[in-house]
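Chains, contacts and geometry: an overview
Letter by letter, the chains look like this.
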Amino acid sequence: MDFQNTLAYAQGLDAKDPLTKYRDQFHYPQVNGKDVIYFTGNSLGLQPKRTQKFVEDVMKDWRELAVEGHFYAEKPWWDYHERLAAGLAKIVGAKKEEVSVMNTLTVNLHLLMVSFYRPSGKRIKILCEEKAFPSDQYMLQSQARFHGYDPEDVIVEVNKREGEHFWRTEDILNKIDEVGEELALVLMGGVNYYNGQVLDMEAITRAGKSVGALVGWDLAHGVGNVKLALHDWNADFAAWCSYKYMNSGPGNASGVFVNEQYLGRKDIPRFEGWWGTKKETRFLMQPEFDPIETADAWQLSNPPILSVAPYLASLELFDEVGMDALVAKQKQIVAYLEFVLHEIDKEVESTFEIITPKDRGCQLSVFLHGEGRPLFDYLMKNGVITDWREPNVIRLAPAPFYCSYADMYNFGQILKQGILTKN
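Report follows, based on the coordinates. All values derive from a computational prediction rather than experimental measurement. (Residues numbered from 1 in each chain as written. Predicted model: local features only at pLDDT ≥ 70, side-chain atom pairs only at ≥ 80, totals over all residues. Heavy atoms only, no water.)

Under the 1.5 Å per step criterion, the end-to-end length of helix α2 (residues 51-65) is 21 Å for 15 residues, consistent within 8% with the ideal 21 Å. Listed in full, the buried residues belonging to α2 are T51, F54, V58 and D61. Buried residues of α2 fall within an arc of 100° about the axis and therefore sit on the same side. The outward face of α2, more than 90 degrees from its buried face, is lined by the exposed residues K53 and R63. (Helix = DSSP H or I, 4+ residues; strand = E, 2+ residues; numbered from the N terminus. Expected span 1.5 Å × (residues − 1). Buried < 20%, exposed > 50% of the residue type's maximum accessible area, 1.4 Å probe, protein only. Arc of directions from axis to C-beta.)

Under the defined criterion, the tally for this structure stands at 32 salt bridges. Two residues, K209 and D236, come together in a salt bridge whose shortest N-O distance is 2.7 Å. With K209 in helix α9 (residues 201-210) and D236 in the loop between α10 (230-233) and β9 (237-240), this residue pair connects regions lying 27 residues apart in the sequence. Owing to a relative accessible area of 0%, D236 belongs among the buried residues under this scheme. Close ionic contact of R360 with E338 constitutes a salt bridge, the shortest N to O distance being 3.1 Å. Of this pair, R360 sits in the loop between β11 (351-354) and β12 (364-369) while E338 sits in helix α12 (residues 323-347), and the two are 22 residues apart along the sequence. With respect to class, R360 is no different from E338; both count as buried. Salt bridges sharing partners connect three or more residues here, namely R161, E164, R168, E170 and D171. (Salt bridge = Lys/Arg side-chain N within 4 Å of Asp/Glu carboxyl O.)

Residues of β9 alternate between two faces, with F237 and A239 on one and A238 and W240 on the opposite face, all of them buried. In this sheet, β9 lies alongside strand β8 (residues 214-218) in parallel orientation, the contact comprising 3 bridges. Paired with W217 across the strands is A238, a residue of β9. Across 4 bridges, β9 lies against strand β10 (residues 254-258) in antiparallel orientation. Its bridge partner lying in β10, A238 is registered against F257. (Pairing = 2+ DSSP bridges.)

Now for the pairing of β12. Most of β12 is tucked away: 5 of the 6 residues are buried. Where β11 and β12 come together, 4 bridges link them in antiparallel fashion. Residue pairing for β12: E353 is matched across the bridge by F367. The pairing of β12 with strand β15 (residues 393-396) spans 4 bridges and is classified as antiparallel. Its bridge partner lying in β15, S365 is registered against R395.

Attention shifts here to helix α5 (residues 105-116). Between its first and last C-alpha atoms α5 spans 16 Å; for 12 residues at 1.5 Å apiece the expected length is 16 Å, and the two agree. With 9 of its 12 residues buried, α5 lies for the most part within the structure. Along α5, the residues that are buried comprise L105, N108, L109, L111, L112, M113, V114, S115 and F116.

Laid out in structure tokens, this is it:
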């Protein structure tokens, strides 16, 4: 597409965008009396306006029904989380019974590792990407120690090539083949938090399974961002948070995927709790665990309804729009942002280096060569909410639900002014 770096052109794209009307479905922070340009949906999504009613409904039921809300609320609490399964299944490419909502992301990864990291004999190694998100690194290291291993002997990292900012799929596949019979688990971030790269999850899953390993995915930056097909890819498990592209609120509930081959089985190693038992027998208080025949078997306790309610509110929006429409806009608006960056680069003496490859979701990570933290501070003071990563990278994530093409143009003008003002 032949883009133009003008406000009129950007507004023309907005006029033709079928998702433009959804901008009014969200609350925006304001700076200098104006709505911000919000680029941090990859950290915390904006609040949907409908969220407040979902929470208020729970508060009303609690106030008026107290404990009876578990069974007699309009949306009874005891099965409230089940209302999320169908919508989430569509978003992650799963069967409804393969999806559940519980806990938070790293808690769920630890719980899933109980089931899917089962080192035995020489098959003890875990494959991940270099410099994975710190929480994943800590989780993997502590799991290795829990099983009695030195993390340096167990964790195998796939490195980027020298001088490159992204992973090559062939390098990951070659590393899987190299580790081979020693590989117990592949667990990687499907979309990298730092550079925004979308890994070839289908090919990596297939390669891991071919050498006898289990394969799981941390989809914190993937769910609600890119098209996923966890069931068809035959992934063993996955987990994700809900407060980034899913707009469910700070620190909110996590989702999990467990492949159907593991459902309804009593022989699966698993940390178990009351809420994972079958609904039909749950209140009989039986001494033996009888797993519900869905991913809910991995639940330990009844879900926190005040956290799950905002998640359900956001899922309504996803059900209305669908991932196909979101991904279509995501691809175009990120491409337009890239174009704007290159155009501004021509007008100023600074040099921008986009380190996000073409295999990407809703993020561009940009090295600001010759610039530093003062430019980031200028952007923030002038209504551009973005993200800084040392030494001089900003992450820009124009979420398609609430970012406009005019935002991309206006950001370019603010960025240019920030550089020229400094000089």
